[in-house]
Amino acid sequence: MAAKEPSRPLYEVFLERVIRIEAVQCHREAVTDETAQFLFFTAGYRPGEFDGFQWSLDAPREDFLGGPIGFVMTPVSVPMKPAWDAAVAAFQEFIKAIKNGELIANGVHPATGVRRDLDRAEWTRTELILDVRNGDLIERYIEHVRRSSNSDLIEGRSIQHVRWSSITLQAAIQEQKPGRIDWDDLWKHETARREQDSLPNEKDYSRQTVPLIIERYGVASVDGGDLRRFKVALYRGDLERPKRTRPKE
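Per the secondary structure count, the protein includes 8 helices and 7 strands. Buried residues in the protein amount to 42% of all 249 residues. Across the protein, the fraction of contacts at a sequence separation of at least 24, relative to all contacts at a separation of at least 6, is 62%.

As structure tokens, this is what we get:
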């Protein structure tokens, strides 16, 4: 079984993978509404007016357009649309990572209060909503009720049931072949430390990190140029890891 890294609140991982990515943030300056800027680009609040931290797993795009969760009356603005589209695509990849086991979800069952890992099948049910801020997985269904005892009119009302609460996520460490550094894996690990302000002083980074890389990936040494590019991007605050430049032919 793959080893696990320390767990993190779902909200932290959601922001890292869905909101604080270059594909979303590159459109921030085009949105002049300061409130919308903060709510969406910083907090991950959907560009709507109701339950903005709740994202539908089935149809996240519909949330913005007045779908079954929110009741949004105005369409997406032209400047916001590219950022919203990018976030929706990233959210779908985020959920896919949970479904396929790349991210391991752990939550509290509301009825028993017991915390445990969620079976991946939990994320395949229909009508699911994820409250990203609170880390709650919610199931929505329609309850049909008769308006009165002598009436034939039946109306439906939306009911929300929390299946799991206070969800945390752990990145499953994939088994590595000896002698190969997985720079993508290392970038995820180190950017998580950056978000938690737990990186060492920049001057000490290489000295402290090389032994950890050697132990983690079973390599004999670490290329100084690769690590230098990695460190510069990390401490500069880049959202994506640097790629090695191919030599010109």
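With that settled, consider the environment of Asp184. Here Asp184 is to be found in helix H6 (residues 183-195). Judged by relative accessible area, which is 40%, Asp184 ranks as partly exposed. Considered as a pair, Asp184 and Glu240 are 56 residues apart in the sequence and their alpha carbons are 9.4 Å apart. Setting aside residues up to four positions removed in sequence, Asp184 forms contacts with Arg241 and Lys243.

Here we come to the layout of surface pockets. Of the volumes computed, that of the largest pocket is approximately 890 Å³. Lining of the largest pocket is provided by 35 residues; of these, Glu16, Arg17, Trp187, Lys188 and Thr191 occupy positions nearest its centre. For the lining of the largest pocket, the secondary structure elements donating two or more residues are helix H1 (10-19), helix H2 (22-25), helix H5 (81-99), strand S7 (154-171) and H6. Sorting elements by how many residues they give to the lining of the largest pocket places H6 first, with 9 residues. For the lining of the largest pocket, the class distribution of residues is 13 nonpolar, 5 polar and 17 charged.

The relative placement of two packed helices is expressed as an angle between their axes plus a distance between the axes. Two numbers describe how H6 lies on helix H7 (residues 205-217): the axes approach to 12 Å, and their chain directions differ by 135°. Viewed along their axes, H6 and H7 adopt a mutual orientation that is oblique. Taken as a pair, H6 and H7 cross one another with a handedness that is right-handed. Contacts between H6 and H7 involve Asp185, Leu186, His189, Glu190 and Arg193 from the first element and Tyr205, Thr209, Ile213, Arg216 and Tyr217 from the second. Split into classes, the residues belonging to the contact of H6 with H7 amount to 4 nonpolar, 2 polar and 4 charged.

Moving on: the side chain of Thr209. Position of Thr209 relative to the elements: it lies in helix H7. Residue class for Thr209 comes out buried when judged on its relative accessible area of 2%. Excluding residues within four positions of it along the chain, Thr209 makes contact with Glu190 and Arg193.

Let us now look at the pairing of strand S3 (residues 103-108). Strand residues, when the strand is regular, have side chains that alternate between the two faces of the sheet. Within S3, 6 of the 6 residues are buried, which leaves it mostly tucked inside the rest of the structure. Residues Leu103, Ala105 and Gly107 point to one face of S3 and Ile104, Asn106 and Val108 to the other, with burial holding for every one of them. Strand direction decides the pairing type here: S3 and strand S4 (residues 115-117), joined by 3 bridges, are antiparallel. Within S4, the residue paired with Gly107 across the bridge is Arg116.

By size, the foremost hydrophobic cluster in this structure holds 39 residues, and its most contacted members are Phe14, Phe94 and Leu130. Put simply, the parts of the chain that give this core at least two residues each are H1, helix H3 (34-42), H5, S3, strand S5 (128-131) and S7. Excluding residues that lie within four positions of it along the chain, Phe94 makes contacts with Leu10, Val13, Phe14, Arg17, Val18, Leu103, Leu130 and Leu169. Trp187, Leu199, Val219 and Ala233 belong to the second largest nonpolar core, which has 14 residues in total.

Inspection of the entire model under this criterion finds 14 aromatic pairs. An angle of 40° between the planes, with centres 5.4 Å apart, marks the rings of Trp55 and Trp84 as tilted. Taken together, the positions of Trp55 in strand S2 (residues 54-56) and Trp84 in helix H5 put the pair 29 residues apart, joining distant regions of the chain. Members of the aromatic cluster, connected to one another through ring pairs, are Tyr11, Phe14, Phe40, Phe41, Tyr45, Phe53, Trp55, Trp84, Phe91 and Phe94.

We now examine the pattern of salt bridges. Under the definition given, this model contains 17 salt bridges. As a salt-bridge pair, Glu16 and Arg8 come within 3.1 Å of each other at their nearest N and O atoms. Arg8 matches Glu16 in its accessibility class, with the two residues each being buried. Here Arg140 ties to Glu127 by a salt bridge, and the two come within 2.7 Å at their closest N and O atoms. Here Arg140 is found in strand S6 (residues 136-146), whereas its partner Glu127 is found in the loop between S4 and S5, with 13 residues between them in sequence. Residue Glu127 is classed as partly exposed on the basis of its relative accessible area, which comes to 33%. Counted as one network, the salt bridges with shared partners bring together Glu122, Arg125, Glu139 and Arg163.

Conventions adopted
- Residues numbered from 1 in each chain as written.
- Predicted model: local features only at pLDDT ≥ 70, side-chain atom pairs only at ≥ 80, totals over all residues.
- Heavy atoms only, no water.
- Helix = DSSP H or I, 4+ residues; strand = E, 2+ residues; numbered from the N terminus.
- Buried < 20%, exposed > 50% of the residue type's maximum accessible area, 1.4 Å probe, protein only.
- Contact = heavy atoms within 4.5 Å.
- 1 Å grid on protein atoms, 1.4 Å probe; cavity = no way out; pocket = protein on both sides within 12 Å on 5 of 7 lines; lining within 4 Å.
- Points joined across faces, edges and corners; volume = space filled by probe spheres on them.
- Nonpolar A, V, L, I, M, F, W, Y, C, P; charged D, E, K, R; others polar.
- Axes fitted to C-alpha atoms, helices over the stretch in contact; angles between N-to-C directions.
- Parallel < 35°, antiparallel > 145°, perpendicular 65-115°, else oblique.
- Left-handed = near helix turned anticlockwise from the far one by under 90°.
- Pairing = 2+ DSSP bridges.
- Core = buried A, V, L, I, M, F, W, Y, C linked by side-chain atoms within 4.5 Å.
- Phe/Tyr/Trp six-rings, centres within 6.5 Å; stacked < 30°, edge-to-face > 60°.
- Salt bridge = Lys/Arg side-chain N within 4 Å of Asp/Glu carboxyl O.

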